[in-house]
Structure formats: C-alpha cells, structure tokens
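# Residue-level structure breakdown
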Amino acid sequence: MFAQVIVDVPSSQTDRQFDYFIPEKWERLVLPGMRVVVPFGPRKIQGFVVGTSVESSFKKTKPLEELLDIVPVLSEELIDLGNWLSEQTLSYKISAFQLMIPAALRTKVKKQVHSIVEGNQLPEGIRSLFIEKQPVLWTDLLQQSKPIIEECLRAIKNNQLEVEYLVEEKGKKKSEKYIRVLASAERLNDIPARAQKQKELVEFLLQNKAAISVSEAVKQVGTTRQTVKALIDKGLVEEFEQEVYRNPLAGIDFQRTEPLPLTSEQQKVITPIYDTLNNQSHRVFLLHGVTGSGKTEVYLQTINLALEQGKEAIMLVPEIALTPQMVERFKGRFGSKVAVLHSGLSMGEKYDEWRKIQRKEVQVVVGARSAIFAPFTNLGMIIIDEEHESSYKQEENPRYHARDVAIERAKNHECPVILGSATPSLESFARAQKNVYHLLTLKERVQNRPMPSVHIVDMREELRLGNRSMFSNALFEKLQDRLQKGEQSVLFLNRRGYSTFVMCRDCGYVASCEFCDISLTYHRAQNALKCHYCGHEERMPTTCESCDSEHIRFFGSGTQKVEEELTRVLPEARVIRMDIDTTRRKGAHEKLLSAFGRQEADILLGTQMIAKGLDFPNITLVGVIAADSMLHIPDFRSAERTFQLLEQVSGRAGRHQLLGEVVIQSYTPDHYSIDLVQSHDYDQFFQTEMAQRRFGQYPPYVYVVLITMAHSELMNVIHVAEKVTSFLKRELSEETTVLGPVASPLARIKDRYRYQCMIKYKNEPKLRKTLTEIRQHFNREINQGHLQMTIDLQPYLFT
DNA sequence: AGCACGCCGACT
DNA sequence: GTCGGCGTGCTC
C-alpha cells in the first residue's frame, strides 16, 4: 500500500502529492487526513496523507517514517475543502491544510547532531561538545566559532558525527495528577488514630467513587498535599496522570437561559430557515436586521433546531465582537455544548477547544474567522454574524474569505448559511437582490424600542462660530447632561487608516482625484498629493481649491489626544479609554468593559473595538468625534465602511429602557454615508452607493484582483510590474480591465519598493491559469528571495 | 524550503 | 591542484 502525501514545504515545486510506501505494520492504520513524518531528500519533514492506493507509478518509494495521529486530524470533507481553498486563493495545499489544524499540532523540524563513536575518537577540538553522546542542536552548533563548525562538518563526513532530524509538535496536552482510592473501607483501621486528615481524605475518596485531581481533593477536604503523599506511601491511594482540558472560562458560572418568545417579525424570518433545516437542503440567507432587532435570538433558536436534529453548528463573529457578553449568551443557552475559539486563547487552550470538537464533546462552536474550519462532520447550520466585517478576510496567505468558505462547507453538508448584519456588505445585499441569497428582514427593534435619534453636527459651522475644540457644543452639552444624570456615554474615534488626508476646515473640501473620484493621499517626501488607483499626481495646494481659504489641514488625531482634552474640559468625568494600547494585555479588554458595566466610569472612549456587541443598559449617549476620518481613505469601500461603522456605533445607545441619542460630528455632513445614518436608511444608502460602484466599475459590478510586487530595487519592481501588466493585458479577454502599474499606497515597506496592478473582470475563464503563469515566470526571482509577489483575489485592503 | 551537485575564480 | 562561492534542480 502507498500513501499520497502533501509535504510541509511551502513552495511551488513541492505543491503536489508524493507517494510513500506504507510499512506492513501500519497497513490499515494509515488513513487520509493523518499527519505523518516522511523522509524528503536528505531530511525528515511533516506531511498530510491525502489518499492511499494499492499501486504507485513510482519505482522507488521510501517508507513512511512515523505516524503522528491515531485518528485523522482532517476529515475527507476538510481535505476536499483544502484543495478547493488552495485553488481559489492560489496558495499552496500545505498552507491550506495547516490552516485547518490548531497551531499546537503544527510541527517543527529540529535538526541535531550526535556522536556515533567513542568520545576519544572525535577530533580534539570538538570532543567537549559531544560528551556522553549527547545530541547538540544544529542551531546551537552554528553559534560556535568557525573552526569548530568546520571541524564538525568534517566529522560528519567521516561518519563520526551523525545528523538527525526530529519532528516535534509545538503544543502539549495538559495533564494533571489524579488520585483514586485503592483501600476498601476496612483498611481504614490501618490509619493511625491521630492521622485525622488522612482518614477524612480516604472517607471522602470512598464516597466520591470517581477519580479526582489532587488539587481538587485537597481543597475539598481542607488539607495539604502531604496527607495525600502519606496515603500513597501506605498504598491506600493511587496517583496517576490524567489528561485535562485547560478551561479558559474556569470559575465563571453561566446562568442558563430559555428561548425568548419571538416577535412576529422574528417568527417570520425564522420560518424559512426552519424549512431549509427540515428539508436538509442548502440555502444562503441574508438576515438584514437593524441593531437591537434580536438577530442573536434568531441565531440561537435556529442552532437549537439543528442540535435537535442531531447536527452541529458554527457561529462566526468578528474577533472584536467576541466579547464575554457574546460568549455568555451562547454558554447560557447551550451550556457545555459550546466551544469557543478566538485569538485571546493560548495555543494550548485553542488546542483543547479544537479537540472537544473533534471528539464530538461539543456541538456548537463560537469563534472568529478560522473557526469556520472546525472539524465537525455533521454540520447543520453555519452563521456569520456581522457578515460585512472585513476581519472575515484573511490578509495573509491563504487569502480566504470566511464567507466563501462557509458557503462551500454548507454546500458539502447540504445545510443553510445565515449571513447576518444591520448593514450588509454591498456584495451580499446585491446578491440578495438578485435572489442568489434569500433576503430576510427585521425592521423593528425588540419590544418596540425606538431607534436612537441621531444629530449630525456640522463642524465647519462650529469653527465659524469660534469653537476650535474637538467637541461641538451639542456634544459637550449632552456629555455634561449625562454626567449630571448619572447615565453613561460612549465616545467613538476612528483612527484607522495610515495616510493623512487633506481637507479644508472652512468648507470641508477634500482633495480628490479628478479621474477616480477617490481622495488623494499626501506624500510628505515630494510634498505632493497622489492617487493610489491611477497614479495621478499633483502638488500639495496652499489654498483650498474650492473656497480659496488657507485653512487647509491634514487630519488625524488619536484617542490619547481626545482623552487629554476630555479631562481638561470635563475634569469630573471618569473616563475609560479603550484602544490597542490599553487592551493589548490579555484580559484587559474584559476588565475595562466590566468596569464600565459596573458603572465605574462615565465615559467610554475608544476605537473600532467598542463599536460592536457592547450592550449596557445605562448608555444613553453615543458621540462620534470625526465621522469623516474613514471616508477619505483611498478605498472604494470607504463610504460603505463609514456608513456601516456609524450605524453600528449608533446601535450602542438606548438598547434598553432608557432612550438613546447619537451625536455625529462631521465636516461633510451632507455626504450620503453620514446623512443617511440619521434616518437609518440602509436601502437608500445601498441605492446611492451602488450607483457609485457602477460608475467607477467596482464590486459588486466587477470582481477585483490585486497583484502587489515588492523589490528592494525601485527600477526592478517597476520593470516587473510593467511586464506583469502587459502580460495580463495580452492574455486576458477584451472585457477585462487591467489597471496600473502604480506605486502601492504604502510605497515602501521594510526597504522594499511596492508596486501594484489591478484586474477588474466580470467573467474571466483564463484568470487563474494566467495568474499561475505569472507566478511561474518570476518563480526564480521569488525563490531567491529578491522579489515578493502577492496575488489577492477579492481584496479588502489596498495597501 | 533545504540540500546536493557542479561549475568557476582564488589561493596554498 | 584544492577550497569554497553561488546558480540550478530535486525531493516520492
């Protein structure tokens, strides 16, 4: 028997199957989806078995070296999915497979050297290194002086030293010491009368038939490890190692909740989902529900039905929305049937959660992007909450979108997918309009709570009235008012975007490209404004093109500056600041939020991360300091992102008894992405934005591919970029547009110059073939490490 | 990705 | 003549 193996060597030349002979002792044990160690050339590496066969077309096959799993870590479905994913994203198969297993199971190859002769037969200079035939790590050896290294290399040639490859797993299963009682009740008499604690402990163990961890037993009886040790010595108690799961949620009690009664709207949207579940068919639903309309309850109840059918469910949430509040709702409803996967867990904790899924100890997974690969085998439901979120797109290879993977998996399992959002992505909503997805709508908040009222403040007007601070009068007064009433406020400042945009403070005019209708980016080095899409360039103006004012400014002030300002103008307010800087430490996020929940602060000031999932009853005011900050980054999705973010932030206010109010400060209050937040009119926003996309030929009207090339020599990268562009223009069909080459928005990273070109197409059968050819053509330069080339199909980032 | 093999200049 | 630099190609 032979095994087809994908080896752990990420390169284009090894991105195919290699045949290995299965030794007789493992004949029936080797199954597709298992990890193995194989000899590969002179070394040993890890690989995934993707198939077995009776024959091999190879004359000389080496045998498998080691079997790393007893049970496959990848199901047949996940192997297929991996192949599909690598085709879709033009990445290596091995990278796709590695994505699907927890980091703890990824192996590292260690190289070490040990002596195979007696010490005194080794050359004198290196004898002290290899005492007692102890192996020396290759990396340590390389730290030695040059003559020593050379002496070692010679010894290896002379068969005095041997090189050995070790394949090691990164993570370990956690085990704890457990005890069980061996003694029957009679032998209690063997314990001396004064050994009171020993007696108590044995009695306790006899009552509790099951084995118990030492630490737990000691705690329950109220004694110390010494007692346990004495009993082990007497032979009354036995100690053994037991594998345990790390529990990231230890000590937290989740209050069980029952399904809530549904509103008639919720009932209406849930019916077709139930039908699809009952028919065991595949269908994609787009659940468009305003903030606070009870989408989560719909998720919970549909998952519940899937579980009742004996199936499993995956629920994806954006990383920053994976708050304790969200986890609590799922644990509350499904208890121990839930595993949680997010980046806050340690490698070991993630491994444990993954194994719970693999062993079918849980039926529901709540997690961020990569949880879409949860090793379930009987999926009945996949939900993607906040489906418009860009964090579902992975920005490194394999550059996949969790939404696409979800739909592919759901097809494999013939089960429904729910994409949920208050502000769906244009792509998804357009698909719903074309009936590719089935649209479900929740227009009302639960219990007839009103949507928060939104005030848009024109900051140009504020300036004219002499208010130069970052808070408008309206926002300042409302903040004071909440402070007085003891209600809480949330202040939102978006610092995203790397490049400064240029704006006139008098009229709000923003310098934008005359060909692309996208804001220009300021380049300090040349004191020029550039368009990152078409390459257009103009001098940095000194006066406003529109009103001749000299108040032309670069924009961008961070949360720290706002915090400073806040303590100056409202010294009595207690402020919690939440951004990357204050939440980097593990658990800091939860700590700050729960402090705010206990009303230990009046104002929560933060970036993106406070826009989602936040649900506190006492929040009655939401302020957005600079609504335009996102609008002018050079990205065709900037208006969409602005609207989505403003809607999300607005949704944080007035979710319970108290009414909510929102203040949005803007220099361009008439822009539709800001203006339409006032009426919470998604449909109108969709219509307007679609017209823009149509005009500029952007998604969803076309598909986009971004090719980024980087090289340390500017002339070199320009040359490559030009070759790539002209090749694409020659090979691809007439209807396809190839733009560029232009310098990337981030024109130089780590001393490499970056250029990019963009493909816009509607239907391009030769696309993948052509892109693969390009990569093949520059393969040598890429392999030599001079040239970097990334190909992003359906990119979300254009840096 | 590693690693061996092999071809060319520098030097004992 | 030999050592070691890097370019080329292979790994079941």
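Residues numbered from 1 in each chain as written. Chains lettered and ligands numbered in written order. Predicted model: local features only at pLDDT ≥ 70, side-chain atom pairs only at ≥ 80, totals over all residues. Heavy atoms only, no water.

As recorded by an unreviewed UniProt entry, chain A carries the name Replication restart protein PriA and is attributed to Halalkalibacter suaedae. Checking UniProt for chain A, the heading Subunit (unreviewed entry) contains the comment "Component of the replication restart primosome." Per UniProt, the comment on chain A under Sequence similarities (unreviewed entry) is "Belongs to the helicase family. PriA subfamily." (UniProt positions renumbered as here; feature names shortened; annotations may be inferred.)

## Details of the sheet that holds strand 26 (residues 575-578)
Pairing between sheet strands relies on hydrogen bonds along the backbone, with the strands arranged either parallel or antiparallel. An order of 19-29-28-20-27-26 is seen for the six strands of this open sheet, with the pairing classed as parallel. Bordering the open sheet on either side are strand 19 (453-458) and strand 26, each of which pairs with just one other strand. Neighbour-to-neighbour, the strand axes of this sheet turn through a mean angle of 15 degrees, independent of strand direction. Direction of pairing for strand 26 relative to strand 27 (residues 603-606): parallel, over a ladder of four bridges. From the neighbouring strand, I576 faces strand 27, where its bridge partner is L604. (Pairing = 2+ DSSP bridges. Helix = DSSP H or I, 4+ residues; strand = E, 2+ residues; numbered from the N terminus. Axes fitted to C-alpha atoms, helices over the stretch in contact; angles between N-to-C directions.)

## Some words on the protein's contact with DNA strand B
Near DNA strand B, the surroundings consist of V9, P10, S11, P42, R43, K111 and Y165. The share of sugar and phosphate among atoms of DNA strand B within 4 Å of the protein is 59%. R43 is positioned such that a nitrogen or oxygen atom in its side chain is 2.8 Å from a base nitrogen of DNA strand B. The side chain of K111 places a nitrogen or oxygen atom 3.0 Å from a phosphate oxygen of DNA strand B. Considered class by class, the residues forming the surface near DNA strand B number four nonpolar, one polar and two charged. (Near = heavy atom within 4 Å. Polar contact = N/O pair within 3.5 Å; in protein donor to acceptor, adjacent residues only side chain to side chain. Nonpolar A, V, L, I, M, F, W, Y, C, P; charged D, E, K, R; others polar.)

## Observations concerning the domain arrangement of chain A
When the parts come together, some accessible area is lost, and that loss is often what is quoted as the size of the interface. When cut into domains, chain A gives domain 1 (2-70), domain 2 (109-167), domain 3 (264-445), domain 4 (453-500 + 556-692) and domain 5 (703-792). Once you take the C-alpha centre of each, domain 2 and domain 3 turn out to be 54 Å apart. (Domains from an automatic or database assignment.)

## Brief notes about the nonpolar core
The biggest cluster of nonpolar side chains holds 89 residues, and the ones touching the most others in it are L74, I372, F373, I382, L604 and I664. Of all hydrophobic cores here, the second largest spans 30 residues; its members include L277, Y299, M326 and V340. (Core = buried A, V, L, I, M, F, W, Y, C linked by side-chain atoms within 4.5 Å. Buried < 20%, exposed > 50% of the residue type's maximum accessible area, 1.4 Å probe, protein only.)

## Some remarks on helix 14 (residues 426-433)
Most of helix 14 is tucked away: six of the eight residues are buried. When we look at burial in helix 14, the residues that qualify are L426, E427, S428, F429, A430 and A432. Looking at the buried side of helix 14, the elements it contacts are strand 12 (284-289), helix 13 (402-413), strand 17 (417-421), strand 18 (438-442), helix 20 (638-650) and helix 22 (682-696). (Contact = heavy atoms within 4.5 Å.)

## Examining the pattern of salt bridges
Scanning the model with the defined rule gives 31 salt bridges in all. Measuring nitrogen to oxygen at the nearest pair gives 3.0 Å for the salt bridge that ties E297 to R333. A residue pair is termed long-range when its members are at least 10 positions apart, and E297 in helix 10 (residues 295-308) and R333 in helix 11 (residues 324-334) qualify at 36 residues. This pair shows no difference in class: E297 is buried, exactly as R333 is. Residues participating in the shared-partner salt-bridge network are K478, D481, R482, K485 and E661. (Salt bridge = Lys/Arg side-chain N within 4 Å of Asp/Glu carboxyl O.)

## Section: the packing of aromatic side chains
Evaluation of the coordinates by the stated rule reveals 15 aromatic pairs. Relative to F97, the ring of F48 lies with its centre 5.6 Å away and its plane at 50 degrees, an arrangement referred to as tilted. Here F48, found in strand 4 (residues 43-53), pairs with F97, found in helix 2 (residues 93-100); they are 49 residues apart in sequence, far enough to count as distant. You'll find F48 and F97 in the same group, each marked buried. Joined through ring pairs, the aromatic side chains of F429, F643, Y672, Y682, F685 and F686 make up one cluster. Between the NZ or CZ atom of K111 and the centre of the ring of W138, over which it lies, the distance is 3.7 Å. (Phe/Tyr/Trp six-rings, centres within 6.5 Å; stacked < 30°, edge-to-face > 60°. Lys NZ or Arg CZ within 6 Å of the ring centre and 35° of its normal.)

## So, the sheet that holds strand 6 (residues 107-115)
Within the open sheet, the three strands sit side by side as 7-6-8. Their pairing is antiparallel. The sheet terminates laterally at strand 7 (136-137) and strand 8 (161-169), the two strands that pair on one side only. Where strand 6 lies against strand 7, two bridges are found, and the strand directions are antiparallel. For V113, the partnering residue across the bridge sits in strand 7 and is V136.

## Brief notes about the protein's contact with DNA strand C
DNA strand C sits among 14 residues. The nearest are R16, D19, F40, F58 and K62. Each atom of DNA strand C within 4 Å of the protein was classed as base or backbone; sugar and phosphate made up 40%. At 3.0 Å, a side-chain N or O of R16 approaches a base nitrogen of DNA strand C. For DNA strand C, a sugar or linking oxygen lies 2.6 Å from a polar atom in the backbone of D19. With three residues, strand 2 (residues 17-21) is the single largest residue contributor to the surface near DNA strand C. For the surface near DNA strand C, the per-class residue count stands at five nonpolar, four polar and five charged.

## Here we look at the pairing of strand 1 (residues 2-7)
Of all six residues in strand 1, six are buried; the element is thus mostly enclosed. Of the two faces of strand 1, the one carrying F2, Q4 and I6 and the one carrying A3, V5 and V7 are both buried. Both strand 1 and strand 4 contribute to a ladder of six bridges, which runs antiparallel. Along strand 4, the bridge assignment pairs I6 with F48. The pairing of strand 1 with strand 2 spans five bridges and is classified as antiparallel. Within strand 2, the residue paired with V5 across the bridge is F18.

## Quick look at helix 12 (residues 347-358)
The end-to-end C-alpha separation of helix 12 is 16 Å, in line with the 16 Å expected for twelve residues at 1.5 Å each. Burial of helix 12 is extensive: nine of the twelve residues sit out of reach of the surface. Listed in full, the buried residues belonging to helix 12 are G348, E349, Y351, D352, E353, W354, R355, K356 and I357. Where helix 12 is buried, its residues meet helix 2, strand 11 (237-244), strand 14 (338-341) and strand 15 (364-367). Just downstream of helix 12, K360 is the residue with a positive phi angle, here 60 degrees. (Expected span 1.5 Å × (residues − 1).)

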